[in-house]
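Inside the fold
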Amino acid sequence: MKLECKNISKRYGSVVALNNADLTIESGEIRGLVGGNGSGKSTLSKILSGAAVLDEGEILIDNFPYKANSPREGKEKGIVMTAQELSLLRNLSVSYNINLCFLDEILGKSRFINKDYAEQRAIELLEMLNIKHILEMNINDISTNEQYLVEFAKALIQKPKILIVDEITSALYKNDVEIVKNVLFKLRDEGIIIIYISHRLNEIFEICDNVTVLRNGNTVGTFDVSNIDENELISYMSGREIKDVLVSEHLDEGSTPVILDTKDVPLNVHNKDTSVRLRVREKEFVGIAGLEGQGQKDFLRSLFAIDKPITLEYKGEVVTLNGPRDAVKNKFAFISGDREVEGTFKERSIAENAVAVSDLVLNSKIQEVDDLLKNSGVKYSNAKDLIISLSGGNQQKVVISRWTATKPNIILADDPTKGIDIQARRDVHETMRNMLESGSSVIMISSDDEELVETSKMMPMSRVVVFYEGTIVATLYGEDISLENISATSSGKY
Amino acid sequence: MLRKINKNNEIIRNFLPSIIIIVLMLLVGNILTPGFTSANNVFNIICKASVLTIVCIGQAFVMISGNSGIDMSVGSIMSCAALLGPSMTQGQNIGLLWSLPIFLILGFLVGVINGLCIQKFRLPALVVTLCMGIVVDGLTIGFTHGKPSLKIPDLLLELGIPYLGRMRLLTIIVIVLLFLMELFLQKSKYGRQLFLCGSNQNVARLSGLRVNVIVVISYGISAMMAALAGFALVGYVGSAQLFMADEYTMLSVASVVIGGTSLSGGKGGVIGGALGAFVLFLLTSILTVLGLPDGARIGIEGLVLLLILMANSRESKLRI
Amino acid sequence: MKSKLINFIRWPAFVSLVLLVSLLIINQILSPGYLNKAYITNFLGSNGPLIMSSIGLSIVLISGGMDISVDGIMSLINVVYITLSESGMQTILILVICILVGLFCGIINGLFVGYLRITPILTTFATSSLFSGIALWIMPSPRGSVPKGLLNWYYSWLGGFGAPILFLLIIVIGWFIIRKSKLGIMLYAVGANKENSYLSGINVYRVQFISYVLAALFYTISAISMTTYFSGGDATVASALTMKAITACVIGGVLLSGGVGDGIGAAFGATSLGLAITTVLAIVKNAFFQDFASGVLMLIAVIGCTLLNRYIANKFSKKGVVINAEKD
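Source: prediction; values computed, not measured.

Right, let's get into the overall build of chain C. Broken down by element type, chain C carries 14 helices and 0 strands. Secondary structure of chain C in N-to-C order comes out as α-α-α-α-α-α-α-α-α-α-α-α-α-α. Its C-alpha atoms give chain C a radius of gyration of 20 Å, within 12% of the compact-globule value 20 Å for 328 residues. Within chain C, buried positions represent 59% of all 328 residues. Of the roughly 12600 Å² of accessible surface on chain C, a fraction of 72% belongs to carbon and sulfur atoms.

A tally of regular secondary structure across chain B gives 13 helices and 2 strands. In terms of C-alpha radius of gyration, chain B reaches 19 Å, essentially the compact-globule figure of 20 Å for 320 residues. Taken along the three principal axes of its C-alpha coordinates, chain B extends 55 × 45 × 35 Å. Buried positions account for 58% of the 320 residues belonging to chain B. If you take every contact in chain B between residues at least 6 apart in sequence, the share linking residues at least 24 apart comes to 76%. Distance between charge centroids for chain B: 15 Å, based on 21 positive and 11 negative side chains.

Moving on, we come to the sheet that holds strand β21 (residues 462-468) of chain A. Residue and element names in this part refer to chain A. The 6 strands are arranged β18-β19-β20-β15-β21-β22 in an open sheet whose pairing can be described as mixed. Lying at the two open borders of the sheet, with one neighbouring strand each, are β18 (332-336) and β22 (471-477). Taking each pair of neighbouring strands and ignoring which way they run, the sheet shows an average axis angle of 20°. Pairing of strand β15 (residues 285-289) with strand β20 (residues 441-445) involves 4 bridges; the strand directions are parallel. Opposite I288, over in β20, you have I445 as the bridge partner. Of the strands in this sheet, β15, β20 and β21 are in contact with helix α16 (residues 449-458), which crosses β15 at around 165°.

For the rest of this paragraph, the subject is the packing of helix α3 (residues 74-89) of chain B against helix α4 (residues 96-120) of chain B. Each pair of packed helices can be described by the angle between their axes along with the distance between the axes. All names here are of chain B. Two numbers describe how α3 lies on α4: the axes approach to 9 Å, and their chain directions differ by 155°. Judged by the inter-axis angle, α3 sits roughly antiparallel to α4. Considering how the two elements wind past one another, α3 and α4 form a crossing that is right-handed. Of the residues in α4, those in contact with I77, C80, A81, L84, G85, M88 and T89 of α3 are L96, W98, S99, I102, F103 and V110. Here the residues of the contact of α3 with α4 sort into 10 nonpolar, 3 polar and no charged.

A few words now on a nonpolar patch on the surface. All names here are of chain B. Taken together, the side chains of I12, L16, I19, I20, V23, L24 and L27 make up a nonpolar region of the molecular surface, amounting to roughly 630 Å² of accessible area. As for its placement among the helices and strands, I20 is situated in helix α1 (residues 7-32). I20 gets classed as partly exposed once you look at its relative accessible area, which sits at 45%.

A separate point is the sheet that holds strand β8 (residues 193-197) of chain A. Residue and element names in this part refer to chain A. One open sheet accounts for 6 strands, arranged β6-β7-β8-β3-β9-β10; its pairing is mixed. Strand pairing shows two members of the sheet lacking a second neighbour, β6 (79-82) and β10 (218-224), which therefore form its edges. The mean inter-strand angle of the sheet, taken between neighbouring strand axes irrespective of direction, is 20°. Contacting β3 (30-34), β6, β7 (162-166), β8 and β9 (210-215), helix α1 (residues 41-49) crosses the sheet at an angle of about 140° to β6. Seen against the sheet, helix α5 (residues 144-156) touches β6 and β7 and runs at an angle of roughly 175° to β6.

Turning to the interface of chain C and chain B, a few remarks are in order. With 45 residues of chain C in contact, the opposing surface of chain B contributes 46 residues. On the chain C side of the interface with chain B, the three residues burying the most area are R117(C), L122(C) and F288(C), jointly 16% of the side's total. Remark: the boundary between chain C and chain B carries 1 salt bridge. The residue K194(C) makes a salt bridge to E315(B) at a minimum N-O spacing of 3.8 Å. Scanning the region where chain C abuts chain B turns up 7 residue pairs in polar contact (both at pLDDT 80 or more).

Reading the values: rules and limits
- Residues numbered from 1 in each chain as written.
- Chains lettered and ligands numbered in written order.
- Predicted model: local features only at pLDDT ≥ 70, side-chain atom pairs only at ≥ 80, totals over all residues.
- Heavy atoms only, no water.
- Helix = DSSP H or I, 4+ residues; strand = E, 2+ residues; numbered from the N terminus.
- Rg over C-alpha atoms; globule rule 2.2 N^0.38 Å.
- Buried < 20%, exposed > 50% of the residue type's maximum accessible area, 1.4 Å probe, protein only.
- Areas by Shrake-Rupley, 256 points an atom, 1.4 Å probe, with all protein chains shown as cover.
- Contact = heavy atoms within 4.5 Å.
- Lys, Arg positive; Asp, Glu negative; His and termini not counted.
- Charge placed at Lys NZ, Arg CZ, Asp CG, Glu CD.
- Pairing = 2+ DSSP bridges.
- Axes fitted to C-alpha atoms, helices over the stretch in contact; angles between N-to-C directions.
- Parallel < 35°, antiparallel > 145°, perpendicular 65-115°, else oblique.
- Left-handed = near helix turned anticlockwise from the far one by under 90°.
- Nonpolar A, V, L, I, M, F, W, Y, C, P; charged D, E, K, R; others polar.
- Patch = residues over 30% accessible without salt bridge, like charges linked within 9 Å, V, L, I, M, F, W, Y side chains within 5 Å.
- Salt bridge = Lys/Arg side-chain N within 4 Å of Asp/Glu carboxyl O.
- Buried area = accessible area lost by both parts, 1.4 Å probe.
- Polar contact = N/O pair within 3.5 Å; in protein donor to acceptor, adjacent residues only side chain to side chain.

Next up, the structure:
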C-alpha cells in the first residue's frame, strides 16, 4: 500500500495552513511528522481523515485518487485518526466511546445496542493497553492519560489501513508510551501505514522509521531517523541555524526587590495535592517549562484569581485578589495563547479589543489607539475592522496590546505565542522585552522549550523554572537554560 | 474577502436584507391593493410596529449579552403593565406621573431577578424567563381578577392619533427612544461593556469586567422596556385584556433576528429590531389586505420567517 | 451495591423522582386521601399529554436541539383528527392520517434544523407559527367531537384507567426502545458534542433530523390521546404546552445544552408539575393567586432541581474525583 499526497494546500480565511505540502509513505513504515505549532501537521491529518476539505492538490492511495467527504468516508476507506483534542464523548461510557465509530454497522445488524458485545470488543483492547478497569466508567470519571489511551483504542478498533496518531503521548506516562510504542510496532509489521505526530523528539527517534518535517505549511523534507540528529531536525523545523538573538548582560539573582511572592499555591496534578511557591523580582523574566498538564497552567491561573480568590504578597503587602477584576486593578495582566476561548472578542473591532481593559475597566482612556497597536507591531489597515479579519499572529498582538496599554506590573502569559508564525512570535517577544525594560515582571509558560531558551537570552534578567507533576523540579539560570536541560528536567530526570 | 469586513459595513450588511424585504413588500402590497403605500396606511403600520419596537430594544440588549440570552417574559410583563398601569391612574393623566415610573422600576426588578437566576445559578435564560412569564401572568390575574381595565388616561389614548402630518405621536416618541437607546448601546461605557460580555463572557471576565452585573442589567432593561411597551400598547389599542401581549414575546425575538442581531450575542443593535418589527407588521398587513383568514395569515408568516432565517441564521458547517 | 446506589443517584431523573415522591407525600398530608380513582383518571387525562410530549421533547433536547413547536404540532393534529372524524372517516384511517401529518411536521423541523443548519429555536418558532396557522385555518373556532366508539372506549376501558395508561405506555416503551437502540447512543453523542460525533463517523445532520421526526411522532400520539380526552377540536388547545414541556424537561434533569438527561426524568418532571397544581390548590385558597403561586413553585423547582443535579454530578463520581459536568 502506498499513500501519496501531492501539493496539498489549505487556507482558513486569510491564514495559510498548508502550502503545497507533499507526503509519500509506503506500507510497513512509521512516519514521524514534526514541525512547530501551526506548521500544518494537524491540518494535514484532518484532510487525510476527511474532517477538513483541501483547497488544492491531490491524494493517491495505491495510485488511485482518494477523496473523503466526511470522517466517516475516510474511515470506510481505512484512514483513521486519533485527535489531539480527543474525539471522545464525555457523557458516554468508555466501551461505547470505543465502539462509537460505525456503531450502526458493527455490534451486529440489530438496531439495538448489545452492551455485552460492545464491552467484549472493548475489553481486548483495554487489556492490551493495560487499562481494563475503566471499561464501565464514563469518560468524565477517568484521568487524562486514560482518556488518551481510550482515544487510541477507539482508533485501533476500526482496524485502520492508515493510522494517524496525533500527539497521543503528550499526556501519557512513560510506561503508557512504551505500550503504545509496542502496539504501533506490531501494526507496522502487519503492513499498516502509521503517521506519528509528536512534539517529543526523543519519541520520534525511538518509534519512527522516517520523519517528515513541516514548516509554515510546507514540507521541508523527509529524513531517515538514523541519519539525522536532534539538532539537525530542530534546525529544519525552525528553518534557521542558531539564531542571532540579542543577548543581554545577565544580572545576578537578587539585584532588584521582590515584587511578588505567591506564597504556597495549592495544585492538584493527577490527583496528587502539591503546592508551588514562586518569588518574582521586579523586571524579572520567569519562564515556566514543563510537559503539558504538569500544573503550570493551574498555577498561573491561580495567580490571576481566575477560579478562586488568592492571597499573595505583592509589593511588600499582603493582598487578596477575589477575582480577575481585582487582579486587573492591581496591575496584573493575563495573556492567554488560547485566543478563541480566552483572548479575542471575535465579534468586535480591533480598536475595541485593544482598549477593552484600559478604557472600560481602568478608566484610563487611550488617546491614540493606532500608536498603541503600532507599538505592538500589529499590521492592520483600519482599527475599526473586525479583529477576525487579522491573521492569528496579529490578533494575538492586539490581545497583548490590550494589556500593555494598562502598564502592568506583573504579566502572566500562558503560552502567548501558541500557533502563531515566527515573525509574529518575535514581535511578541520584543514587546515582552520592552515591557520588562519599562518595569514589568513577566511570568511566561511556554510549551515550546526552544522559545523559552530564546526569550530568556533576550531578557535582561531571567530564569526558567521547570514543572513536573505539580512541583518545581528545577530552576535554571544563564547558561544552564538550554534545550537539553529543560527537556531532561521536564521528563522528570533531575 | 474576510479582510474587508469593516464593522460599519457589517452593520449595513445586516440591515440590508430587512430593507430589501421592506421595499419588496411595499411594492407587492401596492400591486395587490393600490393605495397600500398611502401615507396613512404606511404610518399606521409603522405605528403598530412602534409598540413592538419598544420591546425589541430590550430584547436586543438581552440577545447582545450572549450566552444564548433571550427574554421570554416580555409578553407577560407587557400584558401586566398594560392592565395594571392604567388602572392605577384611575383614568387621570396625572396618574401616569407615578404609575409609569413605578412600573418601569418594577419591570426592571423583574428583569434583575431573571438575570440573577441566569448568571448566578447558570440556568438557561430560556427556562428562567419562561417561568418568570408565568409568575408575572399569575400576578396580573391575582391583581386584576381577570377583568379588563376600563379607565385609561386620555394622554395614553392620544398616542395612536396622527400628530405630525400622518405620523402618530407614538411613532415620534419611539423614534426618539430608539435613537437614544442606540446611542446608549453603541457609545456609553455600559453599552460597550455589554458588547464585550456578549462577544465572549470568559474573556470579559478575564479582562476584569463585572460580567454578572452587566448582563443582569441587560435583563433589567429588557423587562423595563417591556413595561413601557405595555403602556404604549394599551394607549394604541384603547383597552387592555388579560394576556393581550402574549404574542409579542416571540415577535420581538423574530424582529431582532430579522434585524440582524444574532442569538449568539456580541453584535447587533436596536435599530435592526425596529426594521424587523416593520417587516413583520408589513407582512401581516399585506396578508390581511389580501383577505386571508387569520390561520392562513399566521401560517404564511411562519413560512416567510423560515425563509428569512435561511438567509441570516444558519450555523456553521461541521466540515471545515 | 454501593456503586448501584451511586449510579441511581447519578441518574439524571433522580432529583425529579425525589420531587415527585415528595409532592405525593405533601399532597397526602394537605388533603388526605386525595389519591382516589377520580383524581387519578382525571390526572392522567389532563396531564397525560404534557407527560407524553415532554418525553418527546426530551429526545430533541438530549440531541442538543430545541423544539418550541410542540403546541403547533399538537394543535394541528387535534384539528385534523376532529375534522376527519366529522367527515365520518374510519377511526383507524384517521389515526394513520394523523400520524402521517405528525411525521410531516417532524420532517419539516428536522430538515431545517438538521440539513439546513438553522438555529433550532428560531426554526421551530417559525414552524410553530406555520403549523398552528394551518390548524387555525382549518378550524377557526372550537367545535366537533370524536367518534362515539372511541370516546366510550377511552372513558370506560379497564375502569377508565386503561386508555390513558395505554397511551402513556406506548410512549414510555417507545422511549425505552430509542434509549436502548444504537440511535439512542448517537442522540446522546450528538447532543454532547457535534464536532466529536462527526469525527467519530456519526452522520450528525441525520441524527438531528431523526430526533425531530421521532419527537413529532411522540407529540402526535400525545395529541391523539389529548383530543380523545377533550373530545373536541380547538386550534389553541395546546397553547401553553411547549413552555410547560420545556420546564418539565429541565426539572427532569435534561440539560438544554444537550447530551444529558433521560426521557423518564422529563415524565417525572411533567407529573410533578401536575401534582404541584394540586398542592397549590390545597394551600392557596385565593383562586386569583393560584396561577401566581404555581408559577413561583415552577421557578423554584427549576432552580432547585438544576442546582441539585449539578451538585450530584460534581460530587458523586465513580472515582470520588470532583468533576464538573458543565465543562466540556
